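Residue-level listing of the chains:
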Amino acid sequence: MNKIITRPHEIDKNVRVLYAGNHYISLPEIDVEKASIKNLNIVSLSNKGLVELSGEEALFKPVFYKKGEKLEIVKSEVSEELYYIPNIKLYFSNGDFVIIKIYADIKEKGFIYEFESSEEIEVYLEVNLDKLFFLRFNSHEIEFKKEFKIDKWLKNPALNIYSYNIAFSLAFGGEKDFDYEEKNEKIILKSKTNGTNCFYISVNSDMDGASTTLIHLKRKGFKNIYKEFYNWLKNKYIKYSQDKDLESLLNKNLFFNYFFSIGKDMESDNYIALTSRSPRYYVSGAFWERDSFLWSFPAVKIIDKSFHDYIAREMILRHSKNAGAHAHYIDGTVLYPGFELDEAASYFILLENMDVDLDDIELVKALEVVYSRIEEEYDSRIGLYKTFLLPSDDPSEYPFVTIDNVILWRGFINLKNLYLKLNWYKKADMLQKKIDGIYNGIYKYLVTEVEGKRIFAWSTDGEGNYKLYNDPPGNLGLMYYYDFVDYQNEVFKNTIDYYYSRKYKYYFEDAKIKELACDHHPNTPSGLGLCGSLLNPLMREEALKWLKMANMDYGLLAESFDKDTGEAKTGVGFATGSGYLAMALYRILFEE
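Residues numbered from 1 in each chain as written. Predicted model: local features only at pLDDT ≥ 70, side-chain atom pairs only at ≥ 80, totals over all residues. Heavy atoms only, no water.

## Regarding the overall build of the chain
Step number 1: A tally of helices and strands in the chain yields 14 helices and 30 strands.
Step number 2: Over its C-alpha atoms the chain spans a radius of gyration of 25 Å, differing by no more than 12% from the 25 Å that the globule rule assigns to 592 residues.
Step number 3: Long-range pairs, those at least 24 residues apart, make up 63% of the contacts in the chain between residues at least 6 apart in sequence.
Step number 4: Summing over all exposed atoms, the chain offers an accessible surface of approximately 22,900 Å²; the carbon and sulfur share of this is 44%. (Helix = DSSP H or I, 4+ residues; strand = E, 2+ residues; numbered from the N terminus. Rg over C-alpha atoms; globule rule 2.2 N^0.38 Å. Contact = heavy atoms within 4.5 Å. Areas by Shrake-Rupley, 256 points an atom, 1.4 Å probe, with all protein chains shown as cover.)

## A few points about the sheet that holds strand β24 (residues 400-401)
Step number 1: The antiparallel open sheet is built from three strands, whose spatial order is β24-β27-β28. Edge positions in the sheet fall to β24 and β28 (466-467), since each of these pairs with one other strand and no more.
Step number 2: In this sheet, β28 lies alongside strand β27 (residues 459-460) in antiparallel orientation, the contact comprising two bridges. Residue T460 lies in a different strand from β28, and its bridge partner there is Y466. (Pairing = 2+ DSSP bridges.)

## Comments concerning the sheet that holds strand β3 (residues 39-44)
Step number 1: Taken together, six strands build an open sheet; the order of strands is β1-β2-β3-β4-β11-β12 and the sheet is antiparallel. Bordering the open sheet on either side are β1 (17-21) and β12 (138-142), each of which pairs with just one other strand. With strand direction ignored, the average angle separating the axes of adjacent strands in the sheet is 25 degrees.
Step number 2: Pairing geometry for β1 and strand β2 (residues 25-31), over four bridges, is antiparallel. Note that in β2 the partner of L18 across the bridge is I30.
Step number 3: Contacts from helix α3 (residues 244-260) reach β1 and β2 within the one sheet, and its direction differs from that of β1 by about 50 degrees. (Axes fitted to C-alpha atoms, helices over the stretch in contact; angles between N-to-C directions.)

## As for the state of the cysteines
Step number 1: Taken as a whole and assessed by the stated rule, the structure comprises zero disulfides.
Step number 2: Residue C518 stays outside any disulfide, its sulfur separated by 14 Å from that of C531, the closest cysteine.
Step number 3: Among the residues examined, C518 registers a relative accessible area of 1% and is labelled buried.
Step number 4: The exposure class assigned to C531 is buried, which follows from its relative accessible area of 0%. (Disulfide = S-S within 2.5 Å. Buried < 20%, exposed > 50% of the residue type's maximum accessible area, 1.4 Å probe, protein only.)

## Re helix α8 (residues 402-421)
Step number 1: Here α8 spans 29 Å end to end across 20 residues, near enough to the 28 Å set by a 1.5 Å rise per residue.
Step number 2: In terms of burial, α8 is largely enclosed, as 17 of its 20 residues are buried.
Step number 3: Once α8 finishes, N423 follows within two positions and takes phi at roughly 65 degrees, a positive value. (Expected span 1.5 Å × (residues − 1).)

## Quick look at the environment of I496
Step number 1: Checked against the element boundaries, I496 lands in helix α11 (residues 490-499).
Step number 2: Counting along the chain gives 394 residues from I496 to I102, while the straight-line C-alpha distance between them is 45 Å.
Step number 3: Excluding residues that lie within four positions of it along the chain, I496 makes contacts with G477, N536, L538 and M539.

## Side note on the packing of aromatic side chains
Step number 1: Going through the model one piece at a time under the given rule, you end up with 57 aromatic pairs.
Step number 2: Summarising the aromatic geometry, the rings of F229 and F259 are spaced 5.6 Å apart at their centres and angled 50 degrees between planes, so their arrangement reads as tilted. In this pair, F229 sits in helix α2 (residues 222-236) while F259 sits in helix α3, placing the two residues 30 residues apart along the sequence.
Step number 3: Pairing Y378 with Y385 gives two aromatic rings, centres 4.8 Å apart and planes at 40 degrees, and the pair type is tilted.
Step number 4: Judged by relative accessible area, which is 28%, Y378 ranks as partly exposed.
Step number 5: Among the aromatic residues, ring-to-ring pairing joins Y19, Y84, F229, W232, F255, F256, Y258, F259, F260, Y271, F307 and Y310 into one connected group. (Phe/Tyr/Trp six-rings, centres within 6.5 Å; stacked < 30°, edge-to-face > 60°.)

## Considering unusual backbone geometry
Glycine aside, residues mostly have negative phi angles, and peptide bonds mostly take the trans form.
Step number 1: Even without a glycine there, the phi angle at Y83 is positive, about 65 degrees.
Step number 2: Tracing the backbone through its elements, the reader meets Y83 in the loop between β7 (73-81) and β8 (85-92).
Step number 3: Overall, the relative accessible area of 17% leaves Y83 in the buried class.
Step number 4: Positive phi values are uncommon outside glycine, yet N184 reaches one of about 50 degrees.
Step number 5: By the secondary structure assignment, N184 is in the loop between β16 (179-183) and β17 (186-204).

## A look at the environment of Y469
Step number 1: Its place among the elements puts Y469 in the loop between β28 and α10 (478-481).
Step number 2: Look at Y469 and you get buried, because its relative accessible area is 2%.
Step number 3: Put simply, Y469 and D177 are 292 residues apart on the chain and 64 Å apart in space, counted from C-alpha to C-alpha.
Step number 4: Those residues within four positions of Y469 in sequence are excluded, and the remaining contacts are L390, W458, L476, Y499, Y504, Y506, C518 and D519.
Step number 5: Side-chain polar atoms of Y469 contact the backbone nitrogen of D519, separated by 3.0 Å. (Polar contact = N/O pair within 3.5 Å; in protein donor to acceptor, adjacent residues only side chain to side chain.)

## Observations concerning the side chain of E52
Step number 1: Along the chain, E52 turns up in strand β4 (residues 49-54).
Step number 2: Of the side chains with opposite charge, K38 comes closest to the buried, unpaired E52, at an N-O distance of 7.6 Å. (Lys, Arg positive; Asp, Glu negative; His and termini not counted. Salt bridge = Lys/Arg side-chain N within 4 Å of Asp/Glu carboxyl O.)

## Focus: the nonpolar core
In a soluble, globular protein the nonpolar side chains are often hidden away together inside.
Step number 1: Membership of the largest hydrophobic core comes to 201 residues, with the highest contact counts inside it found for L40, F60, I100, F111, F168, F348 and F412.
Step number 2: Contact partners of F60, with chain neighbours within four places excluded, come to S36, I37, L40, F111, L125, E126, V127, L170, F172 and I201.
Step number 3: In terms of nonpolar packing, the next biggest core, distinct from the first, is built from seven residues, V43, L45, L50 and L135 among them. (Core = buried A, V, L, I, M, F, W, Y, C linked by side-chain atoms within 4.5 Å.)

## Quick word on the pairing of strand β13 (residues 145-150)
Step number 1: Inspection of the sheet shows β13 paired to strand β14 (residues 157-162) by six bridges, in the antiparallel sense. Paired with K145 across the bridge in β14 is Y162.
Step number 2: A loop of six residues connects β13 with β14, the two strands running antiparallel in sequence, and K155 in this loop sits at a positive phi of about 60 degrees.

## Some thoughts on the pattern of salt bridges
Step number 1: Tallied over the entire structure, the rule returns 39 salt bridges.
Step number 2: Taking the shortest distance from any N to any O, the salt bridge between K66 and E119 comes out at 3.5 Å. Residue K66 is located in strand β5 (residues 60-66), and its partner E119 is located in strand β10 (residues 110-127); the two are separated by 53 residues in the primary sequence.
Step number 3: Overlapping salt bridges bring together R290, D291, E340, D342 and D393 as one network.

And the structure:
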C-alpha cells in the first residue's frame, strides 16, 4: 500500500467574514468592511452538490451616495445579533453612518438586505453575476447564460440563469423608494434611507417562482421577516450566564452548524447533509458520515429533536448503501473511495439519540445493510474489525485501530438494544458476542507497555506490531465519551499522560496551546482534537483554557490553528466541525 497523505495548505492570514442564510439559501462570505456579499449558493441534488453564484469582486456590492456625491467608507463595526444575524455599521468620511443587516426568511427562498440611517442616504446595490460554480469537494466553474427580465406581477427586475444542466431565477424588489437600472451587464438596485428600508431578493426554479416568492416576502414585510427569524434564534439560543465567552462560542458554532451543514434542495425540497456550505472550507459541498453523524447531528438535536430524528433517518436511508466510503456526494453515491470503520460505525451511534419507529422496516433494512458491510472487515482470529483509512481520512499503517473499534463497540451496543426492542433475541445474542469480542480484543492486542506503564496503542496488525499515535478526529480521549473506559482507568490515564507529553512527537511542550497536531497537519494543533479533549475529564480544564485562547475562525471551530496565536491555519468555514464544538461544549456545560 502506498501511504499517500493529502495535506491541506496552511492559511497565511485568515480574513474574517460574516454569513447568513437558511436551509435553502446560503450567503457564506459577507465582507465585514464593505457589507458586500461575495456569493450565494443553493442545493442541487440532481447535480450532486451546491450551485454558487459569484461576482468578480462581489455578487452584491453596496454603494452609498448623499446628494449625488459618493460616500467613502472609512470604518466598520460588526456584530452578530443572537450569534447569527450580521449587523454591520459603516462610517463615512462625512461623519454619517449606515447600519446594514442581512438575514433570510426562516422558511422561504429569499433574504433581506436591510439598511438604516438617521440621514437620507441613497443606497445602490450592484448585482454582479459574473461566475457560476458547482461546489462538489472543490469549486468547479461552469459556463452559463443570464437573461434580464421584468416580472409581470410587480414589474420588478429579475434574472434568469441557464446552464447545461441547471436553470433558476432571481427576483429583486424594495420596501419603498425602489428603482433599478440595467447597466454594463449588471443590475443596480436603488433606494434610500430615511429611517429603515431594505431590498428583497428571492430565488426559485424559474422567474414565476422567484417573482411570486418576492411578492410573498413583500406581503410579509421585512420587519416581520426579521422578527420571525430573531424570535426563532431567541427561542433556540443557549444561555450560559456563568461565562459569556463560552456562551458566545457555543451559540455561534451551534447556529453555523445548523444552517451550513444542512441544506434543502430547491428542486425537490429534500434535505441534504454536508461538510459545509461555505466555499472557504476546502472540501465543501460533500458528505462525510463521521462529520454529520458523530459531530453535526448531535448539535442539531440540541436545537430541534424532531428535526434531528427526521434528517438522521433520511440520511441513513440515502447514504447506507455506501456505508464507510471515505466521502459521498450529497446524493449518497461515492465521491472518494476507501473504507473507514468509524464512519460505518457512526450509523449505529446515531441510534442512541433517535426515537426509532419499530415498524420502520425501511430504516431497519438500511441499518442491516450497514452491518453487513462492516462484517466484511471482521477478523475472527482477534475479534476486531479492520479499517483502510483513519479518522483523518489518511491510510492506516496497521488495520486494527483502537478508536475505530471503540466507536463500533458503542454502536453495536446501540444496535443490540434496537434488536431487543424488535424481539430479535438471537441477533441480539450474536451481537453481544461481537461486543465482548471487541472489548477483549482491544485489551489483548491494543494495550502495550511504554516505560513500564500500560497504555492503549493506536493500531496493530494483530501479530505483535503496533503504532503509537493519536489522530485528532479520533482522539483517544474519546474512549471515555463512548463509555469504553472510566476516566480513572489506569491504562486510559497512562495513555493520555503519554500523548500529552514531550514523549510524543506531535505535542508542543513550549507552545501556549498544547493540543496535539497529527500527520495530516503536522505543525498545527487540531480543533477537532480540542473537542475530544473537552469531552475527556482528564483534559477538560486545560482544554477550556486552550479554547478561550484560540480564536480559530473568529469564534468558529477551525480544523487546525497556530499553537501560540490560536489563529486558524487549516479548515475554516468548517460547519460540521462547528457542530462538534457546540456539542462538546453543551455536553460539558449542561449534561455532565
